[in-house]
Amino acid sequence: MNAEETLTQLAKDVAVCTNCVLHESRKKAVAGEGPADAEIMFIGEGPGFHENEQGRPFVGAAGKFLDQLLAQAGVTREDVFIANVVKCRPPGNRDPQPEELEMCDKYLETQIRTINPSIIVTLGRFSMGKFIPGVKITSVHGTMHRVGERFVIPMFHPAAALHQAALKPSILADFANLPDQLNEARKALGKTVISSKRKETASREPEKPQQLNLF
Ligand code: URA
């Protein structure tokens, strides 16, 4: 199976998963969405009301704010993969429980292994805890951490910033740093440092030889 097929199969598995109690109140599972070769992966907490209705991640108020934050960083949704630590809505948007996180982790692990992003941006404390346990989000938000073969940047959850106005300047500043951090990660991982615009062009047509630009 190629990467796209693996992610499609995973979404089918998640849709009928009964490994934890969250399936009992599920309308639609939310596996996640985005390109199978995304350089950046965002990992939130779990589907809310609207996500449970539509089967898509971050489509409610927090999602609208996430779209603004992405636009500010010069990225669009189509460039990134967006997933959650749990794929089914916790009733009443309660916190996901340890056994639910544990049962759902194999899906997230498969997504990460398949997509192999250079950067994972964690949104909120549950996804941060998976990669950088035992730290406080208030001390580490916006900082880049090498975790194995990629980098993890913990950020405040957009919903938290919507509810606590004091967090908004921090989340805006953290997202504004993302393009520079992406280039830093590319350099450290030995990947070509290119802007997302050039990346699109590069995948459609080969670059002209460098010397031609001299004339
Ligand atoms: N909050 C999340 O953490 N994930 C979603 O998909 C929507 C809201």
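Bear in mind that the values here come from a model prediction, so they are computed numbers and not experimental data.

1. Some words on the environment of F49
Structurally, the position occupied by F49 is in helix 2 (residues 49-54). Separated by 10 residues in the primary sequence, F49 and V59 place their C-alpha atoms 9.4 Å from one another. Residues within four places of F49 in sequence aside, it is in contact with R89 and N93.

2. Considerations on the side chain of R26
Considering the arrangement of structural elements, one finds R26 in the loop between helix 1 (3-15) and strand 1 (40-44). From its side chain, R26 meets the backbone oxygen of V14 in a polar contact 3.5 Å long. Not counting residues up to four positions away in its chain, the partners in contact with R26 are V14, A15, V16, C17, N52 and C88.

3. A few points about the pairing of strand 1
Counting buried residues along strand 1, 5 of its 5 residues qualify, which places the element largely inside the surrounding structure. Because side chains alternate across strand 1, one face comprises the buried residues I40, F42 and G44, and the other comprises M41 and I43, equally buried. As paired elements, strand 1 and strand 3 (residues 119-123) share 4 bridges and run parallel to each other. By the bridge assignment for strand 3, F42 is matched with V121. Here strand 1 pairs with strand 2 (residues 81-84) via 4 bridges, running parallel. Residue pairing across strands places F42 opposite I82, the latter belonging to strand 2.

Cut-offs applied
- Residues numbered from 1 in each chain as written.
- Predicted model: local features only at pLDDT ≥ 70, side-chain atom pairs only at ≥ 80, totals over all residues.
- Heavy atoms only, no water.
- Helix = DSSP H or I, 4+ residues; strand = E, 2+ residues; numbered from the N terminus.
- Contact = heavy atoms within 4.5 Å.
- Polar contact = N/O pair within 3.5 Å; in protein donor to acceptor, adjacent residues only side chain to side chain.
- Buried < 20%, exposed > 50% of the residue type's maximum accessible area, 1.4 Å probe, protein only.
- Pairing = 2+ DSSP bridges.

Functional significance is not addressed by these values, which are geometric in nature.
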